[in-house]
Number of protein chains: 4
Amino acid sequence: MYQIHTDLAVESRELYKEREKREVPGVEVEKEEEDNYTVTRVKIVNEIGMQSMGKAIGTYITIDVPKLKKTDEDLKDEISQLVAKEIKGLGKNKEDSKILIIGLGNWNVSPDALGPKVIERVLVTRQYFVNYNKEIDETVANVAAISPGVMGLTGIETGEIVRGIVEKINPDLVIAVDALASRKMDRISTTIQISDTGINPGSGIGNKRMGLNKDTLGVPVIAIGIPTVVDAATMINDTMDLIVGSMKNEAQVGSEFYSMLNEISKEDKYSLIQEVLEPFMPNVVVTPKEIDLIIDDLSIIIANGLNIALHPGIDLKDVNRYIR
Amino acid sequence: MYQIHTDLAVESRELYKEREKREVPGVEVEKEEEDNYTVTRVKIVNEIGMQSMGKAIGTYITIDVPKLKKTDEDLKDEISQLVAKEIKGLGKNKEDSKILIIGLGNWNVSPDALGPKVIERVLVTRQYFVNYNKEIDETVANVAAISPGVMGLTGIETGEIVRGIVEKINPDLVIAVDALASRKMDRISTTIQISDTGINPGSGIGNKRMGLNKDTLGVPVIAIGIPTVVDAATMINDTMDLIVGSMKNEAQVGSEFYSMLNEISKEDKYSLIQEVLEPFMPNVVVTPKEIDLIIDDLSIIIANGLNIALHPGIDLKDVNRYIR
Amino acid sequence: MYQIHTDLAVESRELYKEREKREVPGVEVEKEEEDNYTVTRVKIVNEIGMQSMGKAIGTYITIDVPKLKKTDEDLKDEISQLVAKEIKGLGKNKEDSKILIIGLGNWNVSPDALGPKVIERVLVTRQYFVNYNKEIDETVANVAAISPGVMGLTGIETGEIVRGIVEKINPDLVIAVDALASRKMDRISTTIQISDTGINPGSGIGNKRMGLNKDTLGVPVIAIGIPTVVDAATMINDTMDLIVGSMKNEAQVGSEFYSMLNEISKEDKYSLIQEVLEPFMPNVVVTPKEIDLIIDDLSIIIANGLNIALHPGIDLKDVNRYIR
Amino acid sequence: MYQIHTDLAVESRELYKEREKREVPGVEVEKEEEDNYTVTRVKIVNEIGMQSMGKAIGTYITIDVPKLKKTDEDLKDEISQLVAKEIKGLGKNKEDSKILIIGLGNWNVSPDALGPKVIERVLVTRQYFVNYNKEIDETVANVAAISPGVMGLTGIETGEIVRGIVEKINPDLVIAVDALASRKMDRISTTIQISDTGINPGSGIGNKRMGLNKDTLGVPVIAIGIPTVVDAATMINDTMDLIVGSMKNEAQVGSEFYSMLNEISKEDKYSLIQEVLEPFMPNVVVTPKEIDLIIDDLSIIIANGLNIALHPGIDLKDVNRYIR
C-alpha cells in the first residue's frame, strides 16, 4: 500500500482518516484545547494501530501553538512549561535518573540545527556528579548532553556514536531532539511532538538509518521534534489540491470539467510532481526565510522545557537565565 | 500591465518573450557558449528597453553554470576567473580606482548571507593606503569593504549607511554583492548576474527601498547577484504549468478537458496560488536544504573573482589563499 | 612627564595618587559602597583635572563588582539595573531621544568583541518609527544600533563610518560600547565604566585614532567600557612590584639588599620589561582563558542595562527575554 | 623532585638540561635545520628517558617555524607538506588504514579551539566506504572525524566518548589534534609537535584525566599539538629571569648585589609568583590578541597536512580546495 511518510503521528492519523474515512483502529486519541494551544495525545496501543499508522507503539503528544511564530515572550514561557509538564507526564524520568540528551541534526544546515542548538542551551550537570562522586542532588538532576553530528560531517553513523556513548555512561533515559519534516506549511515551527518511542529509522530531515530507541539503546528514549521544513513536492501537491478544490466548488457537478477535476486529485498527481521536481528534488525544502532566527527561538523553548522538566530545583523564574 | 518581478534581466526577457512572443525592443543580446558555462550579455539601450524589461538602462551579464552545484574545484576556479574577466570587461575600475565593496543582506538569514560572506573573504587594503599615505600600488588596488546589515538588524536603511560611508571615503566605484530571488529553481546557485546599473529599489531577497546606483551614490555601481531562493508561489505556479502541459499533451485538442486545461494556465492561477499561500506567504522561500554550504562556496567564487579583477598583482595561483 | 596610559579614570587617579602622593586636583570623587558592588563617580571639573588625569572633562562612573565573574544570575540582574540607573543618571537621554548605539571592536578577536555582542542583544526599534512615521512611542524609545568593525576588517576608519551614519540619521545621543584594557588583572570583567565624555583617541584595545565625542559627532556621546585584557608588560611589572615588596618586608632597612630592592622598583623597570617582551609585545595580552564565555555574559548585562535605561516600557521582568 | 609540567618534549629536554647540565639519558635527538624551519626528533627509548623527561616512550617530532606568524602563504604550504611527510614518517598509516581523527578542546574557548577547527577542515570519507561497502579506494583513505567537546560542555569525559566511538567503528589508527600550553611565548603558534605516543593525562590546555593512547584505545594514537597559550606564572618567571640576568651582567661579581641577584633566581621565585597570581591563576593565560585568526590559519595548515598524509590521491595542488 502506498503510504506517504510523515514524522508526525497527527499527520499519519490525518492521512489514514482521509484515505479510509474512519478513525485509525488500535489508536486512542485525547485532545485538550486551551486558549493558546491544543494538546493531542495519540496512543498507539497495539500492532494494528502500529501498522495503520506506520509508527511504533507508544504515546505521541502533539502541542499545536498557532501563534508561536510571533514574538510573544509570555507565550514562549507558557509553552516551555507545557513542554516540561508533558515530558514529566510520560513518567520516564525520576529525581535520580541519569539522563543523556542527544541533539540530532547538522549544525551547518539551518533548518536541521534544532537539536544542536538545544544542546547548547540545556543545563549540563553530569560533570559535578562525577567530580564530587555524587549519586543525587536536591536541586539538579544528572544530565549529560551531546550533538553527535551527521554522517556527512563525521563519516560515522549517528546511531553508532550514540550507542558508543550510552554504553560508556549508562544513562537511565535518553532524550533525542530533532528537526522534523511536516506535510503542512502551517505546522512549521508551531507544532511540537513529544513521544516515548524514540527515533525510528527514516525519521527526521536527514536520513537516519539506525533507530535511537529502547531496542537499539537498551533504555527508554523520549523523542522531541519540531517540523522545520516541508518537502517541496508535498507542498505543491497540497496547494494544487486546494486550487482544484476551489475550482470544483465553482464547476457543475456532472460536467466533464468536474469529473476531470476529480481525476486530477489522485495519487499519481504526487508522482507527477515528484517527477517534474526530480532534477532538484532530493535537497529542496520549503522553509520560512527567517528559519535561523526561528530555530533560535524554538531551541530556547525546548531547552527551557527540558531544564524545568529534568531538574527539581529549576522553575520558570530561573530558566531564562540558563540559556544563552 | 501585470508584470512579475524578477531580479534577473534574463528572466525579465524570458517573461517578455513569453508574453509578447517577440524579442524585447530596445535590448541587445549577446550569447557566448562554452563547455561549462554560457555568458549572456543583455544590454538595455534605451527607454523602450527599460520599460519593456522593467529594469534600468545598462549592461546585465548572466553567467550560467549548470554544474556549479557539484563540488568541482577546477570549475570553481574557472568561474572565478570568468567573473573577474566580466567585471573588468565593464570598464569601471582602473588600477588607481578607490573601490568600496558592499555586502548586502542579513547575515543571520542563510539564503540572504551571500553579501556578508563575500565581504569576509575579499582582500581589504584601503588601510595601507591610508596609513602609508599612498595613492597607488603596483600589486594591490585600494579596496574597502563593509556589510551594512539590514534595517531589521540596525534600524537604519541600508542605503543611508552606504551613502554616509560613500560621502566620507569618496570611492571611485562601488560594488554591491547581493543574494537574489529567481523564478526558476534550476537557476539557484548556478547563475551569476553582473551589471553596471547598481541595485534598484525592490531588488534582492529583502525589501530594499532605496537604490544603490549612480543616482543615489554619485559614482558608478556594479551589482553582483546570485539567486539563492525561489518564492514559493512562483515555484508552485511553474510546477503546475509543467503538469498541466504534460496533461495537455495527452488530452485531445478541442475536447472540454483540453480547453479547461488551457483555462487553467492563465495568470489568475498565480493570484489564486498567492491567495492560498497567503497566510504564510511573505516569508516562505524554496531553497536547497544545504543552502548554508552552497552560500559558502559561492562567496568564495565571487570573492576570488573580485580579488583577481581588482588587484593587478593577484592571479589564480594566489587567490585561493586569500580566502578563509 | 612619563604617563602610563589607561582607559579607566579610576586607574588614572590611582596612578596620579601613587606618583604625587595626593588627591588629583580638579577632580571630584564620590563613592557609594553596597554589599555587592562599589560605584565610584569621578568628575573631572576643569583643565587642571583634565591634564592631571590625562582624560577629557566630564563624569566617569566606575562600577566594581568583584563577584561578577561567578555565575550568579541575581547579581547579574542587579548590575543590569544599576547600569540602567547610572546611564539614566547622566541625564543625556529623554523619552523622545533618538539614540544610536555603536558596538566598537573586532568581532573576530574574542576580548575585543564586547561591543559587537552588545549590538546583537540590544532592542532595535528605529525601523518602526521610520516605517510608521512615528515621533514617539509610550513603550519603546527610538534606537538604532550598528557594529562598524575595525579598520583591519573594513579598510575604513571606524570614526568615519560612525560620522557618516550620524550625519544621515541625526541621533540626539550616541552610546558607544567598547572593550578596554586595564592595568590590573582583578578588574578584568568585574569593572564597568560609564562616562559622558565619549571615546577619545588612544582608548580601547585596538588603536582608535579618531575620537567619538561631541566634538567629532556633534551630539553627546556616552561611552560604556569593560576591561577585558591586561597588557603583558603591565602585568609583569605589577607582579614584580608585589614580589619585590614582599622581599623588602623581609630585608633589613639600610642594608645594600634593601637599597637595591628600592633601586629595582623604579620606572625604568617597566621599560626594561617592555624591551624584553618587545619581539612579541604589540599583540600579546593577558586574558582569562574563558574570555569568550565571559564576554557573552557581560554583553547580556550591558544590553539589558541599555534596554532598561532607554525604553520606558521595559523593566527587569521583560529584559532577559529580549536578549538572545 | 620538582618538575615543571610542559606539553612539549623539547621543553622537557630543555628543563632537564638546565637543571642537570647534561643531555637527558635514554633519549636520542636528531635535528634537521632548513631555511624556514627546524625539525627536532626526540626519541625516548627507555624507562630512564621516560622518567627523566616525564613523558611516555616514543617519538616526539617538533617543527619550529619562527616566521609562521606572518601571512606567507608559500611558507604555509611548505609546512603543510612537511607535516604530511612527518606524519607519514611515523609509519602508522597505510593506504587501507581506517583512521579516526579526534579534535580535542573547547570550541567556545578561542585558544582551545584548534582541534575542533581542524575537524571542520579535514576531508571525511568513511561514509562513502560504508555506503558503497568498499574496503579500499585508490584516491582517498577511510577517514572519520569528530570533535567530542570537553567535559564542561557535555558532562562526559572526553576519553569515554572517544573510547565509545572507537569500540563501534574499530579504526586502525587514531589521530588526536589538540592545543597545547608552552613555557615560552615565542613558541606560540610557531611550533608543531607530532608524536606517536598519543595524549597522556595532564596534557593540553584543559584538564584531560584519561589518556588517549594505545593503552586506553587499543590502537596506535598519533598526537598533533600546537602551543597556543603560555601560563601567566611561567611567563612572568621567564621575564624576571631575563631582567635579573641583565642586571647581573652589570653588577660586580662578588658584591652583595650580585649574590642577592643570584639568590632571586631560584625556584621559590616561581612559587612566589604563583602565590601572588593565585586569586586569578587557574584561568589566566597569555595569548596573542588575534589568537582567533591565528588558530584559523594553523587549523588550515594541520588539516592540509593531514589531507596530504592520509589520502594517496591528494597533493598540494588540491589541498587548499578541501578546506573551507
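Look above for the structure.
As the structure is a computational prediction, the values presented were derived from the model and not from experiment. (Residues numbered from 1 in each chain as written. Chains lettered and ligands numbered in written order. Predicted model: local features only at pLDDT ≥ 70, side-chain atom pairs only at ≥ 80, totals over all residues. Heavy atoms only, no water.)

## A word on the overall build of chain A
Within chain A, the secondary structure is distributed over 13 helices and 9 strands. Taking all 324 residues of chain A together, the buried fraction comes to 61%. Counted over contacts in chain A with a minimum sequence separation of 6, partners at least 24 positions apart contribute 70%. For chain A, the computed accessible surface area is about 13100 Å², with 46% contributed by carbon and sulfur atoms. (Helix = DSSP H or I, 4+ residues; strand = E, 2+ residues; numbered from the N terminus. Buried < 20%, exposed > 50% of the residue type's maximum accessible area, 1.4 Å probe, protein only. Contact = heavy atoms within 4.5 Å. Areas by Shrake-Rupley, 256 points an atom, 1.4 Å probe, with all protein chains shown as cover.)

## Quick word on the pattern of salt bridges
Using the criterion set out here, one finds 64 salt bridges over all chains in the structure. B:Glu23 is the salt-bridge partner of B:Arg13, the closest N and O atoms lying 2.9 Å from each other. Here B:Arg13 is found in helix α1 (residues 9-20), whereas its partner B:Glu23 is found in the loop between α1 and β1 (27-33), with 10 residues between them in sequence. Under the relative-accessibility criterion, B:Glu23 is labelled partly exposed at 34%. The partner of D:Asp296 in a salt bridge is D:Lys117, with the nearest N and O atoms 2.8 Å apart. With D:Asp296 in helix α12 (residues 291-310) and D:Lys117 in helix α4 (residues 114-121), this pair connects stretches of sequence that are 179 residues apart. Given the relative accessible area of 23%, D:Lys117 is considered partly exposed. (Salt bridge = Lys/Arg side-chain N within 4 Å of Asp/Glu carboxyl O.)

## Regarding helix α1 (residues 9-20) of chain D
All names here are of chain D. With 12 residues, α1 should reach 16 Å at 1.5 Å per residue; the first-to-last C-alpha distance of 16 Å fits that figure. Residues Ala 9, Val 10, Glu 11, Ser 12, Arg 13, Leu 15 and Tyr 16 constitute the buried set of α1. In the core, the buried residues of α1 are packed alongside β1 (27-33), β2 (38-44), α2 (47-53), β3 (58-64), β6 (173-182) and β7 (191-195). Where α1 terminates, the next one or two residues include Lys 21, which has phi positive at roughly 55 degrees. (Expected span 1.5 Å × (residues − 1).)

## Quick look at the environment of B:Val118
Residue and element names in this part refer to chain B. Structurally, Val 118 can be placed in helix α4 (residues 114-121). Taking relative accessible area as the criterion, Val 118 reaches 0% and is therefore assigned buried. With residues up to four places along the chain from it excluded, the contact list for Val 118 reads Val 177, Ser 299, Ile 302, Ala 303 and Leu 306.

## Structural notes on the relation of the copies chain B and chain C
For these two chains of identical sequence, chain B goes onto chain C by a turn of 180 degrees and a shift of 0.0 Å along the axis, with RMSD 0.0 Å. Such a combination of rotation and displacement between the chain copies is what one expects of a two-fold axis. The rotation axis passes nearest to the C-alpha of B:Gly164 in chain B, at a distance of 1.9 Å. Most of the interface of chain B is mirrored in chain C: 100% of its interface residues are interface residues there too. (Least-squares fit on C-alpha atoms with pLDDT ≥ 70 in both.)

## Some points on α4(D)
All names here are of chain D. Summarising burial for α4: 6 of the 8 residues are buried, a large majority. By the burial criterion, the buried members of α4 are Leu 114, Gly 115, Pro 116, Val 118, Ile 119 and Arg 121. The inward-facing, buried residues of α4 abut β4 (98-103), β5 (142-146), β6, β8 (221-231) and α12.

So yeah, pure geometry; function would need other evidence.
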